[in-house]
Amino acid sequence: MSLSEAKANGEVRVSRISGDARFQSRITSIGITPGCALRVIRNDRNRPVLVYSRNTMIALNRKECSGIEVEVLS
Amino acid sequence: MTATIALLGQPNSGKSTVFNALTGLRQHVGNWPGKTVEKKEGTFLHDGKEYAVADLPGSYSLTANSDEEEITREFISSGKADVVCILADSSQLERSLFMMADYAGINVPSFLVLNMADVAEDQGKKIDAKALEDKLGIPVIQLSATENKKYDMFFEAMNRAIENKSLINISGLKTELEKIEGFTKLEELIPDGSIENYSALWLSAKAIENDRLVIDKLKNTLAPDVIKEVDGIRGAGGGAVSTGNSKFAWIDELLAGVLQKKDDQVKLGKLDRMYLSPVWGKPAVILTILFGLIGSFIPALPFMGLGQAIGGLKAPIAEALFSAGVSEILITVICNVVLQSFSYILQMLGFVFGVVLVFGLLEEVGVMARISYVFDNSMAKLGLQGKSVMPFLISFGCTMGGAAGTRVIDNWGQKVLTIALAWAVPCGAAWSVIPMLASLFFGPGAVLVIIAILLTMVLHMWITAKIFGRKLVKTGERYGMIMELPPYHKPKWGALFRYVLGRTKDTFFRVSKVVLLVCFLFWALSYSFVPGTDPILFKIGKVIEPVTKVFGMGWQLFMAFIASSVGKEGALGVISALFNDGSFYSAFSDAMSGAGVAADLNEVLLSNVTKPEALAFIFAITFNMPCVVALAATYQETASAKWTAKIAAYYTVGALVLSTIVYHIGLLIW
Ligand SMILES: Nc1nc2c(ncn2[C@@H]2O[C@H](COP(=O)(O)OP(=O)(O)O)[C@@H](O)[C@H]2O)c(=O)[nH]1
Ligand SMILES: [Mg+2]
């Protein structure tokens, strides 16, 4: 499923990142890579999705999240 | 110049803090040639030697995706920097070392600064900088950039890097990258130095990442059949995701034995539960900004008092000069150009000082990132960052403050676009004129006029965003927010004050030029050089009256419209003087210095101006250029005379178009 559908307070693992070269490089450089675990802090309508990964709180625009496939860990 | 140092690091790693600590007031902000990106350069002395330092534009990586990244790359590869200071955030080492990993393989000497040592310590993290230094082969130090006394280690590392020309040891990264299918082959096809200053490893990684600049350059240097082979491997390489994986794997390996930490747990603090709440987020942000606006007036008051005092000196000085036998022309130049200008400038500086201080504080503390988050969705519709909501709200008070507030917007195009849109927000001065005029002519209908103005404002901003946005924020670059929400920091007052004072000083010089020039021009056009004859502006106004009638303005109203682009408060004074057959020049000068409006203004207006004309005039002055100080502040913030002139011309024409439309609608109603 896409990250934008993930439930708040859940733990997910990134399984695939797809998108144009620019999106790929932007998302990687902020520390989100396939295999890394994310904690979904908030996922509210009309707001960016808020995740925590590699010691960092990251806000991701909802549309951009559609390129991030995740599997639920807990 | 002994050496040039470039500061490189992801956003929030502390580049600007280090830059400010090193340079103090010896800094200069401009634009990169031909690019719409802010350029910060400065100098500092150490051991009697002078060094130049550049704060490279913020970006998360070195891939050529945006102007910011291209400039950074160009600056480094062209050899302008003798040494690159790479900054990382100790409290988030795993992530923030990415910039270092992305830099590894560039053959320009560097050293690594693990900043925010204090924060990492508070989190119970232990970092062995020496062990990392041994692994990386470049000087590595820990630093708390906000503590000014601790820069000895910084200078020591810098000098060692310059002397030894230290380059990052890339063997570990190489092992990781070579796990990518075909990477070794790629390194053979693109040997070291295919492009100057870059290693085969770096170029191969960027080729896989589809880096536009590298690929274009390789096409010019490599043989066509080699290019074909390179393209084949690239296509299957997995792009930035797979090289990113290798880089993070390398970072993990570097940090093994270097970083000790406890398991970290995230919990949103009270403040974040409020700011990030779907219900309370927006009200909380708006309230924060409004309180910030009010707070900005407190440090501004002394300046404003001083500015007004200078304005008040005009009359006594004029009298003194007159009795000393100085010619009238000279007296008016001294009083109405020079003193008037400085009275404006000082009052403005006070506000700039307040806004930069308060909103710089909000940025520093981390609140600005939350504002970005809350308004990301709404502002993205205009092509802007969430932060842009702040200058818009400030502009209801004062456009110049709004322009100064755009300082926290890190993308130049979005900054200029934000200013261009903020001009459409009626400022405090407009709000002091509109309701009075509207209720005079339309009685209770004034409420409708105000609603119409607010709707027009929204429409104006939307259209302006379309027109200017195309150039300033290209659709291809309109990516949604991918941003770190940094932890809250305690403000560092010393650094903040020095920064704010530096900016205020900078603003003073730049703005003085613009305000003096505009005030002088206005004076020259409105002064009767031959006693008893009309000034030039007056004559032109009368000649083009047939044209201005189309806008719904007779010459008197048109003159008031022109005066309103210098200062809104002046418009009414000009009207009352002109309809009373007063001298335009003295009317203007008095009105702008805040003299009261003639007591009979109401009767004068009602007997000379029709309803459609009044409505047209209200719209014209509301959506006209806000004032000369806003113009100057725009120039200061955009650092571009071209865009400042474009915005000013656009608003002047726009106000006349609006006024024409409103006038003709008015003619249909009445
Ligand atoms: N506690 C602490 N805060 C720091 C340190 N260095 C920078 N900061 C703060 O971190 C924030 C981001 O720093 P800034 O210089 O703007 O980062 P830039 O985006 O790289 O230019 C600011 O609020 C700084 O005051 C440090 O060593 N310790
Ligand atoms: Mg900065």
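The structure under discussion appears in the preceding block.
Note that the coordinates shown come from a computational prediction; the quantities given were computed from them, not determined experimentally. (Residues numbered from 1 in each chain as written. Chains lettered and ligands numbered in written order. Predicted model: local features only at pLDDT ≥ 70, side-chain atom pairs only at ≥ 80, totals over all residues. Heavy atoms only, no water.)

Participant: I tried to follow the nonpolar core on my own but got confused; where do I start?
Facilitator: The tendency in soluble globular proteins is for nonpolar side chains to be buried side by side. By size, the foremost hydrophobic cluster in this structure holds 167 residues, and its most contacted members are Leu3(A), Ile32(A), Leu60(A) and Phe617(B). The element that contributes the greatest number of residues to this core is helix 17 (residues 328-365) of chain B, accounting for 20 residues. Those residues within four positions of Ile32(A) in sequence are excluded, and the remaining contacts are Val14(A), Ile17(A), Ile27(A), Leu38(A), Val51(A), Ser53(A), Ile58(A) and Leu60(A). In this structure, Ala54(B), Leu173(B), Leu186(B) and Leu218(B) belong to the second largest nonpolar core, which totals 63 residues. (Core = buried A, V, L, I, M, F, W, Y, C linked by side-chain atoms within 4.5 Å. Buried < 20%, exposed > 50% of the residue type's maximum accessible area, 1.4 Å probe, protein only. Helix = DSSP H or I, 4+ residues; strand = E, 2+ residues; numbered from the N terminus. Contact = heavy atoms within 4.5 Å.)

Participant: Would you mind going over the sheet that holds strand 5 (residues 68-72) of chain A with me for this structure?
Facilitator: The strands making up a sheet associate through backbone hydrogen bonding, with each pair oriented either parallel or antiparallel. Taken together, six strands build an open sheet; the order of strands is 5(A)-1(A)-2(A)-3(A)-4(A)-10(B) and the sheet is antiparallel. The sheet is open, and its two edges are formed by strand 5 of chain A together with strand 10 (482-484) of chain B, each paired on a single side. Sheet twist, expressed as the mean angle between neighbouring strand axes with direction ignored, is 40 degrees. Pairing between strand 2 (residues 37-42) of chain A and strand 3 (residues 49-53) of chain A: three bridges, direction antiparallel. The residue bridging Val40(A) from the neighbouring strand is Val51(A), located in strand 3 of chain A. (Pairing = 2+ DSSP bridges. Axes fitted to C-alpha atoms, helices over the stretch in contact; angles between N-to-C directions.)

Participant: I'm lost on the environment of Glu69(A) in this one. Help?
Facilitator: All names here are of chain A. As for its position among the elements, glutamate 69 is in strand 5. C-alpha of glutamate 69 to C-alpha of valine 12: the two residues are 57 residues apart in sequence and 9.7 Å apart in space. Apart from the residues lying within four places of it in its own chain, the contact partners of glutamate 69 are Met1, Ser2, Arg13, Val14, Ser15 and Arg16. A polar contact is formed between the side chain of glutamate 69 and the backbone nitrogen of methionine 1, at a distance of 3.5 Å. (Polar contact = N/O pair within 3.5 Å; in protein donor to acceptor, adjacent residues only side chain to side chain.)

Participant: Just to check I follow, could you spell out the interface of chain A and chain B for this structure?
Facilitator: Where the parts come together, the accessible area they lose is often given as the size of the interface. The partner chain B presents 43 residues to the 33 residues of chain A that form the contact. For the pairing of chain A and chain B, the buried interface totals around 3600 Å² over both sides, and the portion due to carbon and sulfur atoms is 56%. The largest per-residue losses of area from chain A upon contact with chain B belong to Arg22(A), Arg47(A) and Asn55(A), which jointly make up 21% of the total buried on that side. At the junction of chain A with chain B, the criterion picks out zero salt bridges. Our count for the contact surface shared by chain A and chain B stands at 12 residue pairs in polar contact (both at pLDDT 80 or more). For the side of chain A that touches chain B, the secondary structure elements donating two or more residues are helix 1 (21-29), strand 2, strand 3 and strand 4 (56-60) of chain A. (Buried area = accessible area lost by both parts, 1.4 Å probe. Salt bridge = Lys/Arg side-chain N within 4 Å of Asp/Glu carboxyl O.)

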